[in-house]
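Here is how the chains run, residue by residue.
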Amino acid sequence: MDILVATGNPGKVREYDELLAGIPVTCISPADVGIDLKVSESGATYHENAVLKAETYARAGRSHGICLTLADDSGLEVDALDGRPGVHSARYGGPGLEDTDRWRLLLQELEGVPQEQRTARFRCVIALATPDGRVATVEGVCKGRITLHAAGTGGFGYDPVFYLPEQNCTMAQLPNGVKSSISHRAHAARAARPKIVQLINEMRGQNGRP
Ligand code: ITT
């Protein structure tokens, strides 16, 4: 069964391809089926925004035969900034910025903050939605620290400035395949897997298939 990964971020689509391996779904992106949507993230929480994205794309996917849609809303919470940029991570610094501009701005804002006070976490909420209105959500967190300088070229977003003490490198320096076992999205996807299987089974049951 196809699962629509409802995002405009190609980095997320790549990650879900790996994260959902082994369950009977094929990840497709909105572009793969010709859906071109921009969902305004008007919610106050990751949960609200993830559900908003999943439900909007699930409705749009109905005419394309999509039975299951997954969206995530994620962000970076920096303790020295009282949890900012948090749910506003994608819009940190204002419109028109690239990922690089955003993490540069973050390093600037944290100038003078000593290492032990640069603790942070990535948080990811996944929402699953079906065209008939069923919704399920799960959450994952990954703890780390904001570096003094960027390092690494893997991943996307704030990965080059997110240091993982247990790995002794940034998220962008992890060897291939490691991010998909330890990241906030990996933890959320692990919790989402049984729910995806359950939704598939329910839909098969409704269609009279074993
Ligand atoms: P969609 O809403 O279309 O899915 P987006 O990139 O705008 O794409 P979010 O609204 O969830 O996604 O915003 C997440 C922000 O947090 C965005 O700036 C990302 O770069 C950053 N972020 C999320 N997950 C990340 C990860 O695994 N590594 C680095 N940065 C991440």
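Residues numbered from 1 in each chain as written. Predicted model: local features only at pLDDT ≥ 70, side-chain atom pairs only at ≥ 80, totals over all residues. Heavy atoms only, no water.

A. Region of interest: the pattern of salt bridges. As enumerated under the stated definition, the model contains 16 salt bridges in all. Measuring nitrogen to oxygen at the nearest pair gives 2.7 Å for the salt bridge that ties K179 to E15. With K179 in helix α4 (residues 179–182) and E15 in helix α1 (residues 10–19), the pair connects residues that are 164 residues apart, well separated along the chain. The pair formed by K179 and E15 is uniform in burial state, with each residue classed as buried. Ionic pairing is found between R123 and E77, a salt bridge with its closest N-O pair at 2.8 Å. With R123 in strand β4 (residues 119–129) and E77 in strand β3 (residues 69–78), this pair connects stretches of sequence that are 46 residues apart. The class for E77 is buried, based on a relative accessible area of 10%. (Salt bridge = Lys/Arg side-chain N within 4 Å of Asp/Glu carboxyl O. Helix = DSSP H or I, 4+ residues; strand = E, 2+ residues; numbered from the N terminus. Buried < 20%, exposed > 50% of the residue type's maximum accessible area, 1.4 Å probe, protein only.)

B. Quick look at the layout of surface pockets. Roughly 920 Å³ of internal volume is contained in the largest pocket. Every element with two or more residues in the lining of the largest pocket is listed here: α1, α2 (46–62), β3, α3 (99–109) and α5 (184–206). When residues in the lining of the largest pocket are grouped by element, the largest group, six residues, is from β3. The residue makeup of the lining of the largest pocket, split by class, is 16 nonpolar, 12 polar and 14 charged. (1 Å grid on protein atoms, 1.4 Å probe; cavity = no way out; pocket = protein on both sides within 12 Å on 5 of 7 lines; lining within 4 Å. Points joined across faces, edges and corners; volume = space filled by probe spheres on them. Nonpolar A, V, L, I, M, F, W, Y, C, P; charged D, E, K, R; others polar.)

By themselves these figures say nothing about function.
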